[in-house]
Amino acid sequence: MTDNDLQRLGLALLNSPAEAIAYSDREGIIRFWNAGAERVFGFTAEEALGQSLDIIIPDRQRQRHWDGYDQVMKTGESRYGSGDLLSVPATRKDGTRISVEFTIVPLKDADGAMMGMAAVMRDVTARFDEVKALRRQAAGR
């Protein structure tokens, strides 16, 4: 595969509506927001770019999120950086709470310092709700 082919592939993946991809800088400000992120979260790229990740983080999870995010930015290390799949609640533009699964991709500069982090996300709300209902049913409720 040529470098041009790889660039085309990269752009196709980044711009695909299939997966939500967002990139935030060291301060947690959204700098990239693809068509998939628009579809999943309801914010257009114009609305999301320049905003804090708080627009998709439920109030109750914000402190925990920022504690972890700041630690990763300081150390460049994450216990989730090896392709581990994370499951967390998120918030859509209309206030609807959803469940998302995602992986993170740290971005470092030439000296190895953290520049920010990308997340590749997917809405798994339907599956999460189904599992919750099955658990309630199995428990006899």
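Everything quoted here is computed from the prediction, not taken from an experiment.

The rules behind the values
Residues numbered from 1 in each chain as written. Predicted model: local features only at pLDDT ≥ 70, side-chain atom pairs only at ≥ 80, totals over all residues. Heavy atoms only, no water. Pairing = 2+ DSSP bridges. Helix = DSSP H or I, 4+ residues; strand = E, 2+ residues; numbered from the N terminus. Axes fitted to C-alpha atoms, helices over the stretch in contact; angles between N-to-C directions. Contact = heavy atoms within 4.5 Å. Salt bridge = Lys/Arg side-chain N within 4 Å of Asp/Glu carboxyl O. Buried < 20%, exposed > 50% of the residue type's maximum accessible area, 1.4 Å probe, protein only. Phe/Tyr/Trp six-rings, centres within 6.5 Å; stacked < 30°, edge-to-face > 60°.

Novice: It is not clear to me how the sheet that holds strand β3 (residues 86–91) should be interpreted in this structure. Could you clarify?
Specialist: Backbone-to-backbone hydrogen bonds join strands into a sheet, with any given pair of strands oriented parallel or antiparallel. With respect to topology, five strands assemble into an open sheet ordered β2-β1-β5-β4-β3, the strand pairing being antiparallel. Unpaired on one side and paired on the other, β2 (30–33) and β3 mark the two borders of the sheet. The average angle at which neighbouring strand axes cross in this sheet is 35°, direction not considered. Helix α4 (residues 59–75) contacts β1 (20–25), β3, β4 (97–108) and β5 (114–123) of the sheet and is inclined by roughly 135° relative to β5.

Novice: When you look at the pattern of salt bridges in this model, what are you seeing that I'm missing?
Specialist: When the charged atoms of two side chains lie near each other, side chains of opposite charge can form a pair. Evaluated as defined, the whole model comprises six salt bridges. Salt-bridge contacts for Asp-5 lead to Arg-8; the nearest nitrogen and oxygen are separated by 2.8 Å. One end of the pair, Asp-5, and the other, Arg-8, are both in helix α1 (residues 3–15), three residues apart, so they sit about a helical turn from each other. Relative accessible area serves as the criterion here: at 27%, Asp-5 is assigned to the partly exposed category.

Novice: For this particular structure, what's the right way to read the packing of aromatic side chains?
Specialist: Pairs of aromatic rings are described using the distance from one ring centre to the other and the angle between the two planes. In total, this model carries two aromatic pairs according to the counting rule given. Taken together, a centroid distance of 5.6 Å and an interplanar angle of 40° make the contact between Trp-33 and Phe-41 tilted. You can call Trp-33 buried: its relative accessible area is 5%. Taking the relative accessible area as the measure of exposure, Phe-41 reaches 1% and is therefore buried. Ring centres of Trp-66 and Tyr-69 lie 5.3 Å apart, and the angle between their planes is 70°; on these two criteria the pair is classed as edge-to-face. Of this pair, Trp-66 and Tyr-69 both sit in helix α4, three residues apart, which is roughly one turn of the helix. With a relative accessible area of 16%, Trp-66 lands in the buried category. Given the relative accessible area of 6%, Tyr-69 is considered buried.

Novice: Explain the environment of Thr-125 here, please?
Specialist: Looking at the element boundaries, Thr-125 is found in helix α5 (residues 125–138). For Thr-125, a relative accessible area of 15% translates into the label buried. The spatial distance from the C-alpha of Thr-125 to the C-alpha of Lys-93 is 15 Å, given a sequence separation of 32 residues. Every residue in contact with Thr-125, bar those within four places of it in the chain, is listed here: Ile-98 and Ser-99.

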